[in-house]
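# Summary of the model geometry
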There are 2 protein chains.
Amino acid sequence: MHLTKFTDNALRCLIFLGATDARSSTVREIADHMGMSADHLTKVVQRLAALGLVETTRGVGGGVRLVREPDDIPLGRLVRETEQNFTLVECFDAATNQCPIAPVCALPPVLDEALEAFLAVLDRRSLADLLREPRRLRRAVGVTTS
Amino acid sequence: MHLTKFTDNALRCLIFLGATDARSSTVREIADHMGMSADHLTKVVQRLAALGLVETTRGVGGGVRLVREPDDIPLGRLVRETEQNFTLVECFDAATNQCPIAPVCALPPVLDEALEAFLAVLDRRSLADLLREPRRLRRAVGVTTS
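What this report covers is the structure whose coordinates are included nearby. Counting restarts for each chain, with residues numbered from 1 along the sequence as it is written. Just so you know, chain letters begin at A and ligand numbers begin at 1, following the order they were written in. In keeping with the model being predicted, local features are shown solely for residues with a pLDDT of at least 70 and side-chain atom pairs are shown and tallied solely at 80 or more, while totals for entire chains, interfaces and linings include all residues. Side-chain metrics rest on all non-hydrogen atoms present in the structure, leaving aside hydrogens and water.

## What to know about the layout of surface pockets
Residue and element names in this part refer to chain A. Roughly 210 Å³ of internal volume is contained in the largest pocket. Think of a 1 Å grid over the protein atoms and nothing else: a 1.4 Å probe that fits but is trapped marks a cavity, an open set flanked by protein within 12 Å on at least five of seven lines marks a pocket, and residues with an atom within 4 Å of a point count as lining. Taken together, Thr-26, Val-27, Thr-42, Val-45, Gln-46, Thr-56, Thr-57, Arg-58, Gly-63 and Val-64 make up the lining of the largest pocket. In DSSP terms, a helix is any run of H or I states spanning at least four residues, a strand is any run of E spanning at least two, and both are numbered starting from the N terminus. Taken together, the elements giving at least two residues each to the lining of the largest pocket come down to α3 (38-50), β1 (54-57) and β2 (63-66). In this classification, the charged set is Asp, Glu, Lys and Arg, the nonpolar set is Ala, Val, Leu, Ile, Met, Phe, Trp, Tyr, Cys and Pro, and all remaining amino acids, among them Gly, are polar. For the lining of the largest pocket, the residue count by class is 3 nonpolar, 6 polar and 1 charged. By volume, the second largest pocket amounts to about 180 Å³. Grid points are joined across faces, edges and corners, and a volume is the space filled by probe spheres set on the points.

## A look at the relation of the copies chain B and chain A
All copies are superposed by least squares; the fitting set is the C-alpha atoms of residues with a pLDDT of at least 70 in both. Expressed as a screw operation, the relation of chain B to chain A combines 0.0 Å of axial shift with a rotation of 180°, fitting to an RMSD of 0.0 Å. One copy is carried onto the other by what is essentially a two-fold rotation axis. Working rule for contacts: check all heavy atoms of both residues, and any pair within 4.5 Å makes them a contact. When the interface residues of chain B are mapped onto chain A, 100% of them again fall at the interface, so both copies present the same face.

## Some words on the interface of chain B and chain A
Contact with chain B, which involves 44 residues of that partner, is made by 44 residues of chain A. Any Lys or Arg side-chain nitrogen located within 4 Å of an Asp or Glu carboxyl oxygen qualifies as a salt bridge. There are 8 salt bridges connecting chain B and chain A. A salt bridge links B:Glu113 to A:Arg125; the shortest N-O distance between them is 2.4 Å. When residues of the side of chain B that touches chain A are assigned to their parent elements, the largest contribution, 10 residues, is made by helix α5 (residues 107-123) of chain B. Within the side of chain B that touches chain A, the residues separate by chemical class into 28 nonpolar, 6 polar and 10 charged.

## Side note on the pattern of salt bridges
The tally for this structure, following the rule as stated, stands at 26 salt bridges over all chains. Measuring nitrogen to oxygen at the nearest pair gives 3.9 Å for the salt bridge that ties A:Arg124 to B:Glu113. Note that A:Arg124 is positioned in the loop between α5 (107-123) and α6 (134-141) and B:Glu113 in helix α5, a pairing that runs across two chains. Each residue is placed in one exposure class: buried if its accessible area under a 1.4 Å probe, protein chains only, is under 20% of its type's maximum, exposed if it is over 50%, and partly exposed if it falls in between. For A:Arg124, a relative accessible area of 57% translates into the label exposed. Connected through salt bridges with shared partners, the residues A:Lys5, A:Asp8, A:Arg12 and B:Glu90 form a single ionic network.

## Considerations on the pairing of strand β1 (residues 54-57) of chain B
The side chains of a regular strand alternate, residue by residue, between the two faces of the sheet. All names here are of chain B. When DSSP locates at least two bridges between a pair of strands, those strands are taken to pair. As judged from the 4 bridges shared by β1 and strand β2 (residues 63-66), these two strands associate in the antiparallel manner. Pairing of Thr-56 across the sheet is with Val-64, part of β2. Count of turn residues in the β1/β2 antiparallel hairpin: 5 residues, of which Gly-59 carries a positive phi of about 90°.

## Concerning helix α1 (residues 5-19) of chain B
All names here are of chain B. Helix length check: α1 (15 residues) gives 21 Å between terminal C-alpha atoms against 21 Å at 1.5 Å per residue, within 8%. Counting buried positions along α1 gives 14 out of 15 residues, so the element sits mostly inside the fold. Count one or two residues on from α1 and you reach Asp-21, which has phi positive near 55°. Expected helix span is computed as 1.5 Å times (number of residues minus one).

## Some words on the side chain of B:Glu90
Mapped onto the elements, B:Glu90 comes out in the loop between α4 (75-82) and α5. On the basis of relative accessible area, B:Glu90 is assigned to the buried category, the value being 19%. Counted as a polar contact is a pair of N or O atoms within 3.5 Å, where, for protein atoms, one must be capable of donating a hydrogen and the other of accepting one, and residues adjacent in sequence contribute only when both atoms are in side chains. For B:Glu90, the side chain forms a polar contact with the side chain of A:Arg12, separated by 3.1 Å. Apart from the residues within four sequence positions on either side, B:Glu90 is in contact with A:Lys5, A:Asp8, A:Arg12, B:Thr96, B:Asn97, B:Gln98 and B:Cys99.

## Thoughts on α4(B)
All buried positions along α4(B) are accounted for by B:Leu75, B:Gly76, B:Leu78, B:Val79 and B:Thr82. What you see down the axis of α4(B) is that its buried residues fit within an arc of 160°, all on one side. Check the buried side of α4(B) and you find it contacts α5 of chain A together with α1, α3 (38-50) and α5 of chain B. Regarding the arc, it is the one traced by the directions from the helix axis to the C-beta atoms.

## Brief notes about the packing of helix α2 (residues 27-34) of chain A against α3(A)
Residue and element names in this part refer to chain A. With their axes 9 Å apart at the nearest point, α2 and α3 run at an angle of 120° to one another. Here α2 lies oblique to α3, going by the angle between them. Classified by chirality, the crossing of α3 by α2 is right-handed. Contact residues: α2 offers Val-27, Arg-28, Ile-30 and Ala-31, while α3 offers Ala-38, Leu-41, Thr-42 and Val-45. Class assignment of the residues belonging to the contact of α2 with α3 gives a composition of 6 nonpolar, 1 polar and 1 charged. A fitted line through C-alpha atoms serves as each axis, taken over the contacting stretch for helices, and the angle formed by two N-to-C directions is quoted from 0 to 180°. When an angle is under 35 degrees it counts as roughly parallel; over 145 it counts as roughly antiparallel; between 65 and 115 it counts as roughly perpendicular; any other value is oblique. Here is the rule for handedness: rotate from the far helix to the near one, and if that takes an anticlockwise turn smaller than a right angle the crossing is left-handed, while a clockwise turn gives right-handed.

Below you can see the structure in the form of C-alpha cells.
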C-alpha cells in the first residue's frame, strides 16, 4: 500500500515552501533541493495552485510560494485532493471491476471505514505539524537563508 | 492509494472458501468463479497455506480448503501478511529513498499513525464478517451446492 508519487511530491513541495517561509522558489530550485523531477513537480505545482495552496509568478524573482498559512493546510484534505483515486481493491471502480460478488460483498464498507480512519488521522494534522523544526529542514535541503 | 492485487485476490479466495464451507475447490474453480487469474491465484494460495489459513490436497477430490474458522482470521493480520510493503511514501524505504529531509522530516510518524488507524479497523474484523450472507455469495459466484 502506498500513496502516489504525485501526493508524495505535493507533500515535499509544501514542506519545502513552508520551511523556506515567504521566499519564492522556482520549480527547478525546489526539485533540485528536494530530489524530485522538475517535470513532475511542474504538474504538482499546477495542481497545488488550482487548489489555492500556492501561487506562481513569472519573471525575475518569480517562482512558487505558499498563499495559505501552514496551519490552514490540513493534510487529510490535501491527500484527498492529490491522490488520483482510492480504489483500494478492484471492485471500488465499477468501470473495471471483474469480481462477481461485488453486489453482495461485505468487504467494501469495511475498507471504506479503514480508509476513513486513515484520512481522519491526516485531517487532524496540518502542514504546520510538519514544520516544527524549520532550521533543521532548511539545513537538510541546503537552503541557508533564514 | 490501493491494496495490491495479491491482497485483493487473497481476500477473494478466502471469501469464496468461506462461503462454500467445507467444500474443497481447485485453484482453477476458485479462479473461474471469482474472476481471477489461476496463475496468480496459485501464488496466493501458496502464501495462504504458508500462513496456516488454508490447506491444499492433491488428487481426485483434492483442492484448497480453509483450515481456520472464519472468525479466527482477522483481516488486519491477513493484510499485514499479504501486502508486500507499506512504503506509503518513498522515504519509508531507506534503500531507495532520495528525499534529503528524511532524517528530520515529521511526515513518517504521521503516516505511520494513519496506517495503524487503517489496520486497526481491519484488526476488529474477521473473515466471518464478510460471510454474513453465504447463500447470496454462493449465488453470485454461481456455486449452487449448499
